[in-house]
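The primary structure of each chain is shown beneath.
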Amino acid sequence: MDSVSVAQPAPVEEPVDPDGVPAPRRARRRGRTTLIVATAAVLGLVAGTCAGYLVQADRDPTKLPSLSQSTVAQAKGEGPEPLSVAQDHRRKSDGDLRKLLLARPKGAKEGDWAGHDGWMDLAIYSDTYEKPARAFTALMTDQFRRAAATAWEQGSAYSVEIRLVQYRQEEDLNAAGAAGNGQFWAEKKGGNRSWSIPGTGDGLAYVFSRPETKPGYLPMYSARAHAWRGDIAMEIWITDTKPIPKEKIMDLATRQMGRL
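Residues numbered from 1 in each chain as written. Predicted model: local features only at pLDDT ≥ 70, side-chain atom pairs only at ≥ 80, totals over all residues. Heavy atoms only, no water.

### Description of the packing of aromatic side chains
Within this structure, the stated rule accounts for five aromatic pairs. Judged by centre distance (6.3 Å) and plane angle (10 degrees), the ring pair of Y206 and F208 falls under stacked. Site record: aromatic cluster; members linked through ring pairs are Y125, Y129, F144 and Y167. It is K189 that lies over the ring of F208; its NZ or CZ is 4.6 Å from the centre. A cation sits over an aromatic face here: K248 above Y158, 5.1 Å from the ring centre. (Phe/Tyr/Trp six-rings, centres within 6.5 Å; stacked < 30°, edge-to-face > 60°. Lys NZ or Arg CZ within 6 Å of the ring centre and 35° of its normal.)

In structure tokens, the structure reads:
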């Protein structure tokens, strides 16, 4: 499948200046005058404190406030109602991610290459990259959380795979970065045309006019889509032995993003 051709760009390390360490400074010795002033300050503090105690000893004791406080009335009711699913994206994305995937069309055969029971763990998802070991490390750094996938076949060659990849996003918008990475590599492939996916800020769908060729096999055409919402990056991959119309990938991408 075309998903194997995706690779993570290598991280670029910042250059280090070997001469950037400042020279150590000599500690300045404290003179006798400094010691005397410091001692006087300490003695002055102690003397002032003693004087304060002596002044208070000649005064009548101050009456302390009562320890008991008035009772605060509790508000009636059961508290604010929780936000709806439409208002709180977390209520939708923290559930069973597989339920957000598009349903397999009637009559389509289920694909057996999209993970186990609809889930793709870090190892399985990394294996879809051209360099699995490198992708595994990069995905761990990007706080990969989980991925749900579905796949189906129609006819003798038409196949679809949809993945929803979720990130923890404790520090960065990694779902947006993953979608952007997919778009970067899609645009590097020759013969591509792209269109914006309705309802997304920067989601794009691609159709490739140049087929992949391999000795002994029919030429394979492909289309794909990359978009994101919240902490979820969406990937759609279509392959067929004949050119894929724009309407196919746009329909799947629009409907799938509508479920997120």
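### Brief notes about the nonpolar core
The biggest cluster of nonpolar side chains holds 29 residues, and the ones touching the most others in it are M234, I236, I238 and I249. Of all the secondary structure elements, the ones that give two or more residues to this core are β3 (144-154), β4 (158-167), β6 (204-212), β7 (220-229), β8 (232-240) and α6 (246-258). Element by element, the count of residues in this core is highest for α6, at five residues. Each residue touching I236, except ones within four places of it in the same chain, is listed here: E161, I162, A223, R224, A225, I249, L252, A253 and Q256. (Core = buried A, V, L, I, M, F, W, Y, C linked by side-chain atoms within 4.5 Å. Buried < 20%, exposed > 50% of the residue type's maximum accessible area, 1.4 Å probe, protein only. Helix = DSSP H or I, 4+ residues; strand = E, 2+ residues; numbered from the N terminus. Contact = heavy atoms within 4.5 Å.)

### Considering unusual backbone geometry
The backbone of D117 sits at a positive phi, close to 55 degrees, despite the residue not being glycine. Turning to its location among the elements, D117 is positioned in the loop between β1 (109-110) and β2 (119-120). Using a relative accessible area of 57% as the deciding quantity, one classes D117 as exposed.

By themselves, these observations are geometric and do not establish any function.
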